[in-house]
Amino acid sequence: MSLLAELTAGAVEDAEARCARRSLAEVERAARERPDALDATRFLARSSAIRVIAEVKRASPSRGDLAAIPDPAHQAALYEQGGASAISVLTEQRRFKGSLDDLTNVKDRVGVPVLRKDFIATPYQVAEARAAGADMVLLIVAALESPRLAELFALITEMGMTPLVEAHSADEVAAAADLGAPLIGVNARDLTDFSLDRDLFARLAPGIPEGTIRIAESAVAVPDDVVHYRRDGADAVLIGEALVTGEPVRALESFIQATEGI
């Protein structure tokens, strides 16, 4: 079993355990009681400098523990202060040490859209994302069969959230484009072996339809990495490790300022 398949299976198993305690009907009711989700496309549309989705991330399978982050809402507030256009919250609990409570706490603190970043494969996970306050939900093309990908994409949209569809190949970009995804992310990290390829975005970006917001994910450590992505056509970047292991406000400001006018 690949690492991606293992992570997805674990996330589904954990969601099933939560469903046994709180039914889908209950979660859907809580989701309907939430204020309308923010329109992420408005916050992430191309601007004079690159947009940043800043990630609350305690750990990863590739790097292990990164930062304790005892107060994810405070971390997110620092991101917003530094100029982040959206916040990504890792809610996977086994390898990334996240939770839906993290997402809810972040949503209650910031005024920018919040992304649920997890291994989403069931309608229950989509409903609980909205119930927790998510404005955006990640869908990984490589983790889903085409019918399930389309089903979850439609459900996310129906619930008023914005799908961020993540691709790792030209075929996956085409699948995301066929859905009409408003946000397409290219992840430089191969989720089968967690190797990095910073140039993957440049190779795949031409296949992303005009008018779609292009997001480069992973392989960002210094401002030059962000400049590299911007010159290859990125409207936004998703950054995690470089922000949780350093001084987030200063780092964000340097990343954004480096791309001003590019």
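Cut-off values and rules
Residues numbered from 1 in each chain as written. Predicted model: local features only at pLDDT ≥ 70, side-chain atom pairs only at ≥ 80, totals over all residues. Heavy atoms only, no water. Helix = DSSP H or I, 4+ residues; strand = E, 2+ residues; numbered from the N terminus. Rg over C-alpha atoms; globule rule 2.2 N^0.38 Å. Buried < 20%, exposed > 50% of the residue type's maximum accessible area, 1.4 Å probe, protein only. Contact = heavy atoms within 4.5 Å. Lys, Arg positive; Asp, Glu negative; His and termini not counted. Charge placed at Lys NZ, Arg CZ, Asp CG, Glu CD. Expected span 1.5 Å × (residues − 1). Core = buried A, V, L, I, M, F, W, Y, C linked by side-chain atoms within 4.5 Å. Phe/Tyr/Trp six-rings, centres within 6.5 Å; stacked < 30°, edge-to-face > 60°. Arc of directions from axis to C-beta.

## Details of the overall build of the protein chain
When helices and strands are tallied, the protein chain shows twelve helices and ten strands. For the protein chain, whose C-alpha radius of gyration is 17 Å, the value lies close to the compact-globule estimate of 18 Å for 262 residues. Dimensions along the principal axes, computed over C-alpha positions, put the protein chain at roughly 50 × 40 × 35 Å. Counting over 262 residues, the protein chain shows a buried share of 56%. Considering only intrachain contacts with a sequence separation of at least 6, the fraction spanning at least 24 residues in the protein chain is 69%. A distance of 3 Å separates the average location of the 28 positive side-chain charges in the protein chain from that of its 41 negative side-chain charges.

## Quick look at helix α1 (residues 3-21)
Counted at 1.5 Å a residue, the expected span for α1 with its 19 residues is 27 Å, and the 28 Å between its end C-alpha atoms agrees. Residues of α1 that are buried include every one of Leu3, Leu4, Leu7, Thr8, Gly10, Ala11, Val12, Asp14, Ala15 and Arg18, and no others.

## Description of unusual backbone geometry
Glycine aside, the phi torsion of most residues is negative, and most peptide linkages are trans. Its identity is not glycine, yet Lys97 carries a phi of approximately 60°, on the positive side. Mapping Lys97 onto the fold places it in the loop between β4 (86-90) and α5 (100-109). A relative accessible area of 41% places Lys97 in the partly exposed class. With a phi angle near 65°, Ala219 is a residue other than glycine that sits in the positive phi range.

## Quick word on the nonpolar core
Within the largest apolar cluster, 65 residues are counted, with the highest numbers of intra-cluster contacts made by Tyr79, Ile87, Tyr229 and Ile239. With five residues, helix α7 (residues 146-158) is the single largest residue contributor to this core. Aside from chain neighbours lying at most four places away, what touches Ile239 is Val52, Ile53, Ala54, Glu55, Val220, Val226 and Phe255. If you look at the next biggest cluster of nonpolar residues, it comprises 23 residues, including Ala40, Leu44, Leu115 and Met136.

## Considering the packing of aromatic side chains
To describe a pair of aromatic rings, one takes the distance between the centres and the angle between the planes. Inspection of every chain in the model, using the stated rule, returns two aromatic pairs. Geometrically, the ring pair formed by Phe201 and Tyr229 is edge-to-face, given 5.8 Å between the ring centres and 75° between the ring planes. Of the two residues, Phe201 sits in helix α9 (residues 200-204) while Tyr229 sits in helix α10 (residues 223-231), which places them 28 residues apart along the sequence. Owing to a relative accessible area of 1%, Tyr229 belongs among the buried residues under this scheme.

## Observations regarding the environment of Pro113
Mapped onto the secondary structure, Pro113 falls in the loop between α5 and β5 (114-117). Taking the C-alpha atoms as reference, Pro113 lies 16 Å from Val165; in sequence the two are 52 residues apart.

## Looking at α7
In an α-helix, one turn spans 3.6 residues, which is why side chains three or four residues apart end up on the same side. When the terminal C-alpha atoms of α7 are compared, their 18 Å separation across 13 residues agrees well with the 18 Å that a helix rising 1.5 Å per residue should span. Every buried residue of α7 is listed here: Leu149, Leu152, Phe153, Leu155 and Ile156. Mapping the buried residues of α7 onto a view down its axis gives an arc of 165°, with all of them on the same face. Those residues of α7 that are exposed and aimed more than 90 degrees away from the buried face are Ser146, Pro147 and Glu158. As for α7, its buried residues are in contact with α6 (123-132), β6 (136-140), β7 (162-167) and α8 (170-179). Directly after α7, the chain includes Gly160, whose backbone phi takes a positive value near 90°.

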